[in-house]
Amino acid sequence: MERSSFDQEFVVERSSRKSREPAKKRKWREIEALQDQKRLQQELQQLDCTFELEDLAAELEL
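Reading the values: the criteria
- Counting restarts for each chain: residues are numbered from 1 in the order of the written sequence.
- Under the rules for a predicted model, residues below a pLDDT of 70 receive no local features and side-chain atom pairs below 80 are neither given nor counted, while totals for whole chains, interfaces and linings still include all residues.
- Side-chain numbers here rest on the full set of heavy atoms in the structure, without hydrogens or water.
- For patch detection, residues must exceed 30% relative accessible area and be free of salt bridges, and they are connected within 9 Å for like charges or within 5 Å for nonpolar side chains (Val, Leu, Ile, Met, Phe, Trp, Tyr).
- Each accessible area is a Shrake-Rupley result for a 1.4 Å probe, and residues are judged covered by the shown protein chains and nothing else.
- Salt bridge criterion: a side-chain nitrogen from Lys or Arg within 4 Å of a carboxyl oxygen from Asp or Glu.
- As used throughout, the charge tally considers Lys and Arg to be positive and Asp and Glu to be negative, leaving His and the chain termini uncounted.
- Here the site of a charge means NZ on Lys, CZ on Arg, CG on Asp, or CD on Glu.
- Only DSSP runs of H or I reaching four residues or more are called helices, and only runs of E reaching two or more are called strands; each is numbered from the N terminus.
- Classification of residues uses two cut-offs on accessible area relative to the type maximum, computed with a 1.4 Å probe and protein chains only: under 20% is buried, over 50% is exposed, and between them is partly exposed.

As recorded by an unreviewed UniProt entry, the protein carries the name DUF3545 domain-containing protein and is attributed to Oceanisphaera sediminis.

Okay, structure coming up:
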């Protein structure tokens with residue numbers, strides 16, 4: 001009887017650990033996606049600024 005209770009505890013411990021790993025990976029993917037989104041927004045803002053500066057320079061030359 002002792003062996004079967006040990007096996008059940010081992011299985012519960014092992015399964016709970018496995019279920020946490022995908023959750024961690026999912027959280028890291030969400031974090032990476034947010035970081036990518038923020039980086040892309042910054043790049044787009046920089047591009048908008050450069051286009052505005054180019055337009056201003058073109059207007060000044062005319």
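Q: Lay out a negative patch on the surface in plain terms, naming residues and giving numbers.
A: The grouping of D48, E52, E54, D55 and E59 at the surface amounts to a negative patch. By the element assignment, D48 lies in helix α1 (residues 2–61). Judged by relative accessible area, D48 falls into the partly exposed class, the value being 45%.

Q: Describe the pattern of salt bridges, and please don't skip the residues or the numbers.
A: Using the criterion set out here, one finds three salt bridges in the structure. Note that K27 and E30 form a salt bridge whose closest N and O atoms lie 3.9 Å from each other. Here the residue K27 and the residue E30 both occupy positions in helix α1, the gap between them amounting to three residues, near one helical turn. The partly exposed category is assigned to E30, whose relative accessible area is 39%. Across the pair D36 and R39 runs a salt bridge, and its minimum N-O distance is 3.9 Å. With D36 and R39 both in helix α1 and three residues apart, the pair spans about one turn of that helix. Under the relative-accessibility criterion, D36 is labelled partly exposed at 39%. The exposure class of R39 is partly exposed, given its relative accessible area of 40%. The network of salt bridges with common partners includes D36, R39 and E43.

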